[in-house]
Amino acid sequence: MLKDNFNDLLSFMVVARERSFTRAAAQLGVSQSALSHAMRNLEARLDVRLLTRTTRSVAPTEAGEQLFTRLRPHLLEIEQELTALRETRDRPAGNIRLTAGEHAMSAVLWPVLKPFMAHYPDINVEVTVDDGLTDIVDGRFDAGVRLGEQVAKDMIAVRIAPDMRMAVVGSGDYLQRFGIPETPDELAAHRCINMRLPTLGGLYAWEFERDGRELRVRVEGQLTLNSLPRRIDAAENGLGLAYVPEDAVQDAIAQGHLVRVLEAWCPAFDGYHLYYPSRRQHTAAFTLLVDALRQTAYPTPAKPLSKSDD
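Now for a look at the structure at hand.

A few points about unusual backbone geometry
Argument step 1. A positive phi angle is found at aspartate 47, which is not glycine, with a value near 60°.
Argument step 2. If you trace the backbone, aspartate 47 turns up in the loop between helix H3 (32–46) and strand S1 (51–53).
Argument step 3. You will see that leucine 262, though not glycine, has its phi angle at about 55°, which is positive.
Argument step 4. Relative to the assigned elements, leucine 262 resides in the loop between strand S13 (259–261) and strand S14 (272–277).
Argument step 5. Judged by its relative accessible area of 8%, leucine 262 falls in the buried class.

Structure below.
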């Protein structure tokens, strides 16, 4: 009875988490019919309905949600202990899930991950590239990468890149045709390549500062792109001015493909940080990656942004 309950409870946790018999069965390595049969047996033994099933979906009932909430911390603790036991082997091992924006992935994470994974072949890393403000706890990520000013105050933040600057760039042909803006206000007379914010849905307002004066300029143009490489390519092809990270266009500027404008209005600001919950117990594999990012990219110690969770 104990073995049956434990196995079926584990299966229930996966079904409740995935909200799908198909995905849960694939993760557990069983057939959908066997999984459905196990759930019916569990409900019969407990004499309570745990799942609401339709032809297209499955979701926990109120009782099922309560059971899921109560069991989840205990199962996570068991998983962490088993992971720690596996890591007593000679070679570090484990799984790490990260989320990062497109630029952070290409400029900071990827250059470190390539040698890191070659050095630690038993450490598996999954990175979800998402420019939105992802909730890493709800998304079950081990950590995320954001600009320092975007990290929540209850997180541990580790700087993994130096301060960065933005750059307004356009092709020489575009600037010859439409002129060179001398102040951000003059962008109103220009074609600008917009970016839509993934989290809030609005268009990103370009941010400037000079002599203590801060400006947020909402620009206009015929093109809106969420892809950083496409915005740079569009600017190189004379489709308008682009507002992009400075390091992403340094080569294009040096080669004469792009010309920088409004440089004096683009000061440095806090760069990328790896962030994670202060209360979470991390594996040795995760600690190794944190050290690699910190030491390779920008060596500074981890610091809590709030002492309340220490």
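Topic: the packing of aromatic side chains
Argument step 1. One pass over the full model with this rule turns up 6 aromatic pairs.
Argument step 2. Between tyrosine 204 and tyrosine 243, the ring centres sit 6.0 Å apart and the planes meet at 35°, which makes this aromatic pair tilted. With tyrosine 204 in the loop between strand S8 (193–194) and strand S9 (206–210) and tyrosine 243 in strand S12 (residues 242–245), this residue pair connects regions lying 39 residues apart in the sequence.
Argument step 3. Among the residues examined, tyrosine 204 registers a relative accessible area of 17% and is labelled buried.
Argument step 4. A relative accessible area of 6% means that tyrosine 243 is categorised as buried.
Argument step 5. Taking 5.3 Å as the distance between ring centres and 85° as the angle between the ring planes, the aromatic pair formed by tyrosine 276 and phenylalanine 286 counts as edge-to-face. In this pair, tyrosine 276 is assigned in strand S14 and phenylalanine 286 in helix H9 (residues 284–297), connecting sequence segments 10 residues apart. Of the two residues, tyrosine 276 and phenylalanine 286, neither departs from the other in class, the shared state being buried.

Some remarks on a nonpolar patch on the surface
Argument step 1. On the surface, Phe6, Leu10 and Ile78 cluster together into a nonpolar patch covering about 260 Å² of accessible area.
Argument step 2. For isoleucine 78, the location among the structural elements is in helix H4 (residues 62–86).
Argument step 3. Assessed through its relative accessible area of 40%, isoleucine 78 is described here as partly exposed.

Here we look at helix H2 (residues 21–28)
Argument step 1. Residues of H2 that are buried include every one of Phe21, Ala24 and Ala25, and no others. With its buried residues spanning 100° around the axis, H2 presents them on a single face.
Argument step 2. For H2, the side-chain oxygen to backbone nitrogen distance between the N-cap and threonine 22 is 3.2 Å, and the N-cap itself is serine 20.

A short note on the packing of H2 against H3
Argument step 1. The N-to-C vectors of H2 and H3 enclose an angle of 100°; their axes lie 9 Å apart at closest approach. Regarding the angle of H2 to H3, the classification is roughly perpendicular. In contact with Phe21, Thr22, Ala24, Ala25 and Leu28 of H2, H3 contributes Gln32, Leu35, Ser36 and Met39.
Argument step 2. Residue composition of the contact of H2 with H3, by class: 6 nonpolar, 3 polar and no charged.

Some points on the pairing of strand S6 (residues 155–159)
Argument step 1. Counting buried positions over the 5 residues of S6 gives 5, a clear majority of the element.
Argument step 2. Pairing analysis gives 5 bridges linking S6 to S14, with the strands arranged antiparallel. Note that in S14 the partner of arginine 159 across the bridge is histidine 273.

Things to note about the layout of surface pockets
Argument step 1. Of the volumes computed, that of the second largest pocket is approximately 1,200 Å³.
Argument step 2. Lining the second largest pocket we find 47 residues, and of these Leu147, Glu149, Gln150, Tyr204 and Glu207 sit closest to its centre.
Argument step 3. Considering every element that reaches the lining of the second largest pocket, the biggest residue donor is S9, with 4 residues.
Argument step 4. Residues of the lining of the second largest pocket, tallied by class, amount to 27 nonpolar, 9 polar and 11 charged.

The rules behind these values
- Residues numbered from 1 in each chain as written.
- Predicted model: local features only at pLDDT ≥ 70, side-chain atom pairs only at ≥ 80, totals over all residues.
- Heavy atoms only, no water.
- Helix = DSSP H or I, 4+ residues; strand = E, 2+ residues; numbered from the N terminus.
- Buried < 20%, exposed > 50% of the residue type's maximum accessible area, 1.4 Å probe, protein only.
- Phe/Tyr/Trp six-rings, centres within 6.5 Å; stacked < 30°, edge-to-face > 60°.
- Patch = residues over 30% accessible without salt bridge, like charges linked within 9 Å, V, L, I, M, F, W, Y side chains within 5 Å.
- Areas by Shrake-Rupley, 256 points an atom, 1.4 Å probe, with all protein chains shown as cover.
- Salt bridge = Lys/Arg side-chain N within 4 Å of Asp/Glu carboxyl O.
- Arc of directions from axis to C-beta.
- Polar contact = N/O pair within 3.5 Å; in protein donor to acceptor, adjacent residues only side chain to side chain.
- Axes fitted to C-alpha atoms, helices over the stretch in contact; angles between N-to-C directions.
- Parallel < 35°, antiparallel > 145°, perpendicular 65-115°, else oblique.
- Contact = heavy atoms within 4.5 Å.
- Nonpolar A, V, L, I, M, F, W, Y, C, P; charged D, E, K, R; others polar.
- Pairing = 2+ DSSP bridges.
- 1 Å grid on protein atoms, 1.4 Å probe; cavity = no way out; pocket = protein on both sides within 12 Å on 5 of 7 lines; lining within 4 Å.
- Points joined across faces, edges and corners; volume = space filled by probe spheres on them.

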